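For reference, the chains in residue letters:
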Amino acid sequence: MGEKVDKNPEKINLMFDEISSYYDKMNDFISFFTHKLIKKSALIFLNIPKNSKVLDIFCGTGDNTKIIQKIDKSITVVGLDNSKKMLEIAKKKNSEKSDFILANVLNMPFLDCEFDYIIETFGLRNVEKRELAIKEISRVMKKGGYFLHLDFNKNNSIISKILSKIFNFTTFVFCKILKIDFKNYDYLIKSKDDFLSAESLIEEFKSASSGKLEFYKKKGYFFNTVCAVVFKKSN
Ligand SMILES: C[S@@+](CC[C@H](N)C(=O)[O-])C[C@H]1O[C@@H](n2cnc3c(N)ncnc32)[C@H](O)[C@@H]1O
């Protein structure tokens, strides 16, 4: 069993504001420069049609907007996050086309059924009331729309467990090298280790959305240590 992780929303918000200035650099180092490749691969796997309007929830520093714009300029992305400082960086990184909204995923300022495509990478596990977030995702998604979730995937394979331990150790080492307070990254490690398997997540999506968000397809990375799961909203 993973250690119980404190996901108090105010603390989480403060933490992301605090780490925003070095969040991108740390992501590069701790993933050995693979996180953007994985995000790109998952977005290609989602297969977003031309001229779509995509909502990127928990958008952080706006990596996904940048990647999608490189894949296909005709796609419009709206990024949403509740950390002011993460969004400031997202706006700087996407100066040409920036549509970023400061809001909480638990209460999004959108009409029902507004988006065909909703994506989230490494965000949902930071939410205490995950079921509410899933209901809100389901609410703003059009019938027949798709939702992409990308995050660590708890699984029992030995190789995945070893990779996860290596990741935890290198994160600690990079914090020391870059003189970064380990407490925030200790949270990220614990929240990763405490998170669900793709299978449990699929069950949770189904029950929290009253059966509307159904599993569509999935793709694993690094021996399934990270997994992209696509859900479809039933008609
Ligand atoms: C680990 S970062 C992921 C950022 C980005 N998606 C990526 O893959 O690099 C998680 C993000 O979720 C945001 N977040 C956490 N809880 C949130 C909430 N309830 N509503 C909106 N954003 C939230 C944080 O501010 C942070 O930017």
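In this text, all values refer to a predicted model and were calculated from it rather than measured experimentally.

## Here we look at the overall build of the chain
Scanning the chain from terminus to terminus reveals eight helices and seven strands. Relative to the globule expectation of 18 Å for 235 residues, the C-alpha radius of gyration of the chain, 17 Å, shows essentially globular dimensions. Along the first, second and third principal axes, the C-alpha atoms of the chain reach 50 × 40 × 30 Å. For the chain, the proportion of contacts with a sequence separation of at least 24, taken over those separated by at least 6, is 70%.

## What about the packing of helix α1 (residues 9-30) against helix α6 (residues 158-177)?
Across the interface, α1 lies against α6 with an axial gap of 10 Å and an inter-helix angle of 135°. By the criterion of interaxial angle, the relationship of α1 to α6 is oblique. By crossing handedness, the relation of α1 to α6 is classed as right-handed. Residues Met26, Phe29 and Ile30 of α1 form the contact with α6, whose own contacting residues are Phe167, Thr170, Thr171 and Phe174. Looking at the contact of α1 with α6, its residues break down into five nonpolar, two polar and no charged.

## Quick word on the environment of Ile119
Assignment of secondary structure puts Ile119 in strand β4 (residues 115-121). Sequence-wise, Ile119 and Ser98 are 21 residues apart; in three dimensions their C-alpha atoms are separated by 17 Å. Apart from the residues within four sequence positions on either side, Ile119 is in contact with Leu46, Val54, Asp56, Asn64 and Leu148.

## Describing helix α2 (residues 35-46)
The periodicity of an α-helix, 3.6 residues per turn, causes residues three or four positions apart to be oriented the same way. Helix length check: α2, at 12 residues, gives a terminal C-alpha distance of 17 Å against a target of 16 Å (1.5 Å per residue), a fit within 8%. Burial in α2 covers these residues: Lys39, Ala42, Leu43 and Leu46. Buried positions in α2, seen along its axis, are confined to an arc of 100° and lie on one side of it. On its buried side, α2 packs onto α3 (63-71), β4, β5 (141-152), β6 (213-221) and β7 (226-233). Among the residues trailing α2, Asn47 stands out with phi positive, at a value near 65°.

## Remarks on the site of the ligand
Taken together, 18 residues are adjacent to the ligand, and Phe16, Phe58, Gly60, Ser83 and Thr121 come closest. Tallied by class, the residues present in the shell around the ligand amount to nine nonpolar, seven polar and two charged.

Rules used throughout
Every chain is numbered independently, its residues counted from 1 as its sequence is written. Owing to the predicted nature of the model, reporting of local features is limited to residues with pLDDT of at least 70; listing and counting of side-chain atom pairs is limited to 80 or more, with chain, interface and lining totals taken over all residues. Here a helix means four or more residues in a row that DSSP labels H or I, a strand means two or more in a row labelled E, and each is numbered from the N terminus. Radius of gyration here is computed from C-alpha atoms only, and the compact-globule reference equals 2.2 Å multiplied by the residue count raised to the power 0.38. Contacts here follow a simple rule: the backbone-placed C-beta atoms of the two residues must lie within 7 Å. Axes, fitted as lines to C-alpha atoms, cover a helix only where it is in contact. Angles between the N-to-C directions of the axes lie from 0 to 180 degrees. Roughly parallel here means an angle under 35 degrees, roughly antiparallel means over 145, roughly perpendicular means 65 to 115, and every remaining angle is called oblique. If you view the pair so one helix is near and one far, a crossing is left-handed when the near helix is turned anticlockwise from the far one by less than a right angle, and right-handed when it is turned clockwise. Residues are grouped as follows: Ala, Val, Leu, Ile, Met, Phe, Trp, Tyr, Cys and Pro are nonpolar; Asp, Glu, Lys and Arg are charged; every other residue, Gly included, is polar. Take the number of residues in a helix, subtract one, and multiply by 1.5 Å to get its expected span. Whether a residue is buried, exposed or partly exposed is read from the other C-beta atoms within 10 Å of its own C-beta, which are placed from the backbone; 20 or more gives buried, 12 or fewer gives exposed, and intermediate counts give partly exposed. This arc corresponds to the set of directions leading from the helix axis out to the C-beta atoms. Here, nearness means that the C-beta atom of a residue, built from backbone geometry, sits within 6 Å of the molecule or strand in question.

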